[in-house]
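Observations on the model geometry
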Amino acid sequence: MSVPASGLHQDDVRYLAMRDEIWRGLAARPRKLSSKWFYDEAGSALFERICEQDEYYVTRTELALMREHVAAMAKMLGPQVMLVEYGSGSGEKTRLLLDHLERPAAYVPIEISRTALRDSVAQLRQAYPALEVVALNADFTEPLLLPRPHGPVRRPVVYFPGSTLGNFNRREAVDLLIRMRQLMGPNGRALVGIDLKKDPLLIEAAYNDGAGVTAAFTLNLLARLNRELDADFDLQQFHHRARYNVMRGRVETFIVSRCAQRVSVAGRPFAFAADEAMAVEISCKYTVSEFAGMAAAAGLGVTHVWTDRRAWFAVVLLEPHPLANAEEIPMSIHDAKDLSPDGLPCVKNEGKKEKAQRKKAADENVDEALEETFPASDPISPFVPAKPRQH
Ligand code: AVJ
């Protein structure tokens, strides 16, 4: 039995999970592979090179905006923050924040790639020897618990830069924002980077750089499958295609087969038709209010927005909607007259008619509120706070 270049043994659960997910994606119609597979060592290095291309404005713009506003951000977050970062690839932005936060309590990077995590943690420990760094080798889309650092924490803050949220569709993004809210707790905050809607030609150029680095980045996915799943993709026989879908507000990236061909992946054959496309990435672009709508659906409110001069990118401060943590709100209820003889609250003498009226009024209110923020065509149901517990 051969050991693939990834170092994962063929009976390792992670190898099997990857193989099965890739097989499923290649067998689906249309074929679809997750963009999370882009980031092996070669892919991460290629992404760094993308960031240096003139056309790829995203990273440069976010960094400039962080430089300009980081002091204000740090001031709003306050002292003794436990900074929890989703992903760990963004060394420079993280340092900016850590440099400006008042007595940060701990830094907690959550990163799925072991090697990426190891490298960035080593660098950070060197730069901030006094800072407590707790590395979590985990998938941030899964449920997580925060570590308890040695020092006192006044506020957990989730930092999710880079517009990585844009790689998730609306439903997945709302789920991720819900997890974020649960992780940071009622006093927590989140700083999320989002790429804003702008001239479609500028966006499209950013994902089709002239030097072909993005194309190499996309096709590295196939190279990775060759390395790690013993596949035999001929990279010359596929090409990269990225288009900005204006109506959906997202870049959609595909790998297209140049000809009819057969490929084997981990021992399983797959046939591609000429010009058949495989979906490999979406990169959503938002308006601030579209994003605020998603956040609201996750029980989060936007309390501040920082943007660059051209309004190409935004970093958004989120806090939990008070009702999202309704269990923790102390409540004083009911006049004595509303209590039944056993001391429990009750609605007295409500007949069938009153009850029906009350129900109708409540339904109408809800319908109106829903219609305003979520037009009927929107398939996502809004956030509904849990019923407060009565103390
Ligand atoms: C790292 C996810 C923010 O979607 O813009 C860059 C990845 N893909 N060029 C993005 C990417 C193609 C990038 N993110």
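My aim in this report is to walk through the structure given alongside it, one point at a time. This is a predicted model, so every value here is computed, not measured.

A closer look at the packing of aromatic side chains
This model, assessed by the stated rule, comprises 15 aromatic pairs. Note on Y86 and F140: the rings are 4.8 Å apart at their centroids and 15° apart in plane angle, and the pair reads as stacked. Residue Y86 is located in strand β2 (residues 81-86), and its partner F140 is located in the loop between β4 (136-137) and β5 (155-160); the two are separated by 54 residues in the primary sequence. Judged by relative accessible area, which is 4%, Y86 ranks as buried. F140 sits in the buried class, given a relative accessible area of 14%. A centroid spacing of 6.1 Å and a plane angle of 65° characterise the contact between Y286 and F291, whose relative ring orientation is edge-to-face.

A word on the environment of D209
Mapped onto the elements of the fold, D209 is located in the loop between α7 (200-206) and α8 (213-228). For D209, a relative accessible area of 6% translates into the label buried. C-alpha of D209 to C-alpha of Q53: the two residues are 156 residues apart in sequence and 6.9 Å apart in space. Residues within four places of D209 in sequence aside, it is in contact with Q53, E55 and T214. Separated by 2.9 Å, the side chain of D209 and the backbone nitrogen of G212 make a polar contact. A polar contact of 2.8 Å, which involves the side chain of D209, links it to the backbone nitrogen of V213.

What to know about the sheet that holds β5
With respect to topology, seven strands assemble into an open sheet ordered β4-β3-β2-β5-β6-β13-β12, the strand pairing being mixed. Edge positions in the open sheet fall to β4 and β12 (300-307), since each of these has one partner strand only. Here β5 pairs with strand β6 (residues 189-195) via four bridges, running parallel. Bridge pairing links Y159 to L191 in β6. Those strands touched by helix α4 (residues 91-100) are β2, β3 (106-111), β5 and β6, and its axis lies near 170° from that of β2. Of the strands in this sheet, β2, β3, β5, β6, β12 and β13 (313-320) touch helix α6 (residues 170-184), which is tilted by about 155° from β5.

Let's talk about the packing of helix α3 (residues 57-77) against α4
In contact at an axis separation of 9 Å, α3 and α4 are set at 20° when each is read in the N-to-C sense. Between α3 and α4, the crossing angle belongs to the class labelled roughly parallel. Helix-helix and strand crossings are classified by hand; for α3 and α4 the assignment is right-handed. Facing E62, L63, M66, R67, V70, A71 and A74 of α3, the residues of α4 in contact are E92, K93, L96, L97 and H100. Along the lines of polarity and charge, the residues of the contact of α3 with α4 split into seven nonpolar, one polar and four charged.

Let's talk about the site of the ligand
Residues in close proximity to the ligand include Y39, F47, I50, Y56, G162, N167, Y207, T214, F217, E281 and S283, which together make up its full environment. Y56 has a polar side-chain atom sitting 2.5 Å from an oxygen atom of the ligand. Taking Y207, its side chain carries an N or O atom lying 2.5 Å from an oxygen atom of the ligand. When isolated, the ligand has an accessible area of 350 Å², and the protein chains bury 95% of it.

Describing the pattern of salt bridges
For the structure shown, the criterion picks out 17 salt bridges. As a salt-bridge pair, E21 and K36 come within 3.2 Å of each other at their nearest N and O atoms. Linking E21 in helix α1 (residues 13-27) with K36 in the loop between β1 (31-32) and α2 (41-51), this pair joins segments that are 15 residues apart in sequence.

A short note on the sheet that holds strand β8 (residues 250-257)
Read from one edge to the other, the open sheet built from four strands follows the order β1-β11-β8-β7, with strand pairing classed as mixed. Strand pairing shows two members of the sheet lacking a second neighbour, β1 and β7 (238-245), which therefore form its edges. As paired elements, β7 and β8 share eight bridges and run antiparallel to each other. Bridged to H239 within β8 is V256. This element, α8, spans β7, β8 and β11 (277-284) of the sheet and lies at about 120° to β7.

About the criteria used
Residues numbered from 1 in each chain as written. Predicted model: local features only at pLDDT ≥ 70, side-chain atom pairs only at ≥ 80, totals over all residues. Heavy atoms only, no water. Phe/Tyr/Trp six-rings, centres within 6.5 Å; stacked < 30°, edge-to-face > 60°. Helix = DSSP H or I, 4+ residues; strand = E, 2+ residues; numbered from the N terminus. Buried < 20%, exposed > 50% of the residue type's maximum accessible area, 1.4 Å probe, protein only. Contact = heavy atoms within 4.5 Å. Polar contact = N/O pair within 3.5 Å; in protein donor to acceptor, adjacent residues only side chain to side chain. Pairing = 2+ DSSP bridges. Axes fitted to C-alpha atoms, helices over the stretch in contact; angles between N-to-C directions. Parallel < 35°, antiparallel > 145°, perpendicular 65-115°, else oblique. Left-handed = near helix turned anticlockwise from the far one by under 90°. Nonpolar A, V, L, I, M, F, W, Y, C, P; charged D, E, K, R; others polar. Near = heavy atom within 4 Å. Areas by Shrake-Rupley, 256 points an atom, 1.4 Å probe, with all protein chains shown as cover. Salt bridge = Lys/Arg side-chain N within 4 Å of Asp/Glu carboxyl O.

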